[in-house]
Amino acid sequence: MKTIILTIASAAAVGTLVVSLFNKNNSVGDSTSAHRRLGLLSHKLIDPQTTESKPPFSPISSTISSKEEEELNSRRLINMCVGEEVPTVTHEISYSPQVSRQKQQTVKACGVEYFRSESEWIEKQQQTICTPSIDVYAWLMDKVNCFGEGYPLWTAYGELIHLLRDKALINPDGTYIDDDFDNWVTHPTLQMILNLEPYLWSHFGWSIRVFYSCDKSIIFAQLTPVCGHEYKMKMSKVKAQYPAIELYVMQEEYREGKGWWLKDLYTESSFPLDWLVPARRYQYGTINLQIPAQSEKILDCVYGNWHVFSKGHAGDDNECGD
């Protein structure tokens, strides 16, 4: 067992996350209350073919429930969506009612923390056959979609290009097009995914490591298979048997005269809220993905001519907007 003390990096969510992995009995509970929106973003999924609805501009933190309500309902929701009881990741989070109304200062990554100890990691490697990334990604998206409103998990960066330009994430020969799966995630979605780690560990041979800022705030997370991955406290791309699933944490900002924006805390790129919300459904094989409301605008800003293949990567600190 390993205990992690980190902070949820949010101007609207200030407090300490204490993660301890152990077995505990939890009931599934009523599905109606379990589907109550717990998230920060007031967004709805829409199909690309439907008429675009006006995205909300209310403060992202406006739908935060109390710590007790969130903990109870998130346990019910996770167990219901997974279909079985998931060992508990306990946490204590206190929220500030204040949301930043100005551009945030730069947040730098200072260190790495794994959910599992090195001894656990090595032992698991010796007894586990890891599940391929595409299957874990499909499972993860199924659970996040089941969580309902308030839990966006947008395909981002290189993966978004591959979906829109190449219409594929896997080559015809079965190899992966990219060396990771890029996603943007809000704080509530990140919390739910962190709570799924015991299931990822026991069923797929996967775990999570996070990058944190100097004040111990989570700004980036990597879901990675234990197979082929050397346990390193180093901020780097994951090298493993299969590509990692990466989660870039988005922070809300209110800008005078510009309204609400979302900022990627790791790359420091910023986008107007309505460029991402409401999320759009994208069907890739049997996987129900979520993509930003205005995906093409985002890619134009970050990459330029993304329609043409390039070995270049997304730059940092992109300030996007009309």
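What counts, and where the lines are drawn
Residues numbered from 1 in each chain as written. Predicted model: local features only at pLDDT ≥ 70, side-chain atom pairs only at ≥ 80, totals over all residues. Heavy atoms only, no water. Helix = DSSP H or I, 4+ residues; strand = E, 2+ residues; numbered from the N terminus. Polar contact = N/O pair within 3.5 Å; in protein donor to acceptor, adjacent residues only side chain to side chain. Disulfide = S-S within 2.5 Å. Buried < 20%, exposed > 50% of the residue type's maximum accessible area, 1.4 Å probe, protein only. pLDDT = per-residue confidence, 0-100. Contact = heavy atoms within 4.5 Å. Phe/Tyr/Trp six-rings, centres within 6.5 Å; stacked < 30°, edge-to-face > 60°. Core = buried A, V, L, I, M, F, W, Y, C linked by side-chain atoms within 4.5 Å. Pairing = 2+ DSSP bridges.

Undergrad: Quick question: what am I supposed to make of the side chain of His187 here?
TA: Mapped onto the fold, His187 is located in helix α6 (residues 187-195). Polar contacts involving the side chain of His187 include one to the main-chain carbonyl oxygen of Met250, which spans 3.3 Å.

Undergrad: Even after reading the chapter, I still don't get the state of the cysteines, so can you show me in this structure?
TA: Disulfide: a covalent bond formed between the sulfur atoms of two cysteine residues. Tallied over the full model, the rule gives four disulfides. Each disulfide pairs two cysteine sulfurs, and for Cys110 the partner residue is Cys214, the sulfurs being separated by 1.7 Å. Linking Cys110 in strand β4 (residues 109-114) with Cys214 in the loop between β7 (206-213) and β8 (217-225), this pair joins segments that are 104 residues apart in sequence. Exposure remark for Cys110: the relative accessible area of 37% places this residue in the partly exposed category. Looking at Cys214, the relative accessible area reads 59%, which means it is exposed. Cys301 shares a disulfide with Cys320; S-S distance 2.0 Å. The sign of the -95° torsion about the S-S bond sets the Cys301-Cys320 disulfide as left-handed. Highlighted residues: Cys301 in helix α9 (residues 295-303) and Cys320 in the segment after α9, separated in sequence by 19 residues. A residue is classified by how much of its surface remains accessible, and Cys320, at 2% relative accessible area, is buried. Cysteines bonded in the protein chain are numbered consecutively along the chain; their disulfide partners then correspond to 1-4, 2-5, 3-6, 7-8.

Undergrad: It is not clear to me how the confidence of the model for the protein chain should be interpreted in this structure. Could you clarify?
TA: Low-confidence regions, as indicated by low pLDDT, have predicted coordinates that should not be scrutinised in detail. In this model, the protein chain carries a mean pLDDT of 77, and residues with pLDDT of at least 70 account for 70%. In this model residues 7-64 is a low-confidence stretch, pLDDT under 50, and it forms 190 contacts with partners more than four residues away in sequence or in other chains. Note that pLDDT drops below 50 for residues 91-102; the model gives that stretch 37 contacts with residues more than four away or on any other chain.

Undergrad: Help me out: how do you make sense of the packing of aromatic side chains in this one?
TA: Two numbers describe a pair of aromatic rings. These are the distance of the centres and the angle of the planes. Taken as a whole, this structure holds 19 aromatic pairs when the rule is applied. Both rings, one in Trp121 and one in Tyr231, keep their centres 5.7 Å apart while their planes meet at 70°; by these two values the pair is edge-to-face. Here Tyr231 lies in the loop between β8 and β9 (244-255) and Trp121 lies in helix α3 (residues 118-125), a separation of 110 residues in the sequence. The same class applies to Trp121 as to Tyr231, namely buried.

Undergrad: Mind showing me how you'd approach the side chain of Gln290 here?
TA: Turning to its location among the elements, Gln290 is positioned in strand β13 (residues 287-291). Of note is the side chain of Gln290, whose polar atom sits 2.9 Å from the side chain of Asn145.

Undergrad: It is not clear to me how the nonpolar core should be interpreted in this structure. Could you clarify?
TA: The nonpolar side chains of a soluble globular protein tend to be buried with one another. By size, the foremost hydrophobic cluster in this structure holds 79 residues, and its most contacted members are Trp184 and Leu276. Take this core: its biggest share by element is eight residues, from helix α4 (residues 133-147). Those residues within four positions of Leu276 in sequence are excluded, and the remaining contacts are Trp154, Trp184, Met250, Leu262, Phe271, Pro292, Ala293 and Ile298.

Undergrad: Can you walk me through the pairing of strand β10 (residues 259-264) in this structure?
TA: Residues in a regular strand point their side chains to alternate faces of the sheet. For β10, the buried fraction is high: six of the six residues fall into the buried class. In this sheet, β10 lies alongside β9 in antiparallel orientation, the contact comprising six bridges. Note that in β10 the partner of Tyr254 across the bridge is Trp260. Count of turn residues in the β9/β10 antiparallel hairpin: three residues, of which Gly257 carries a positive phi of about 80°. The antiparallel pairing of β10 with strand β11 (residues 270-272) creates a hairpin that spans five residues between the two strands, and Glu268 there sits at a positive phi of about 65°.

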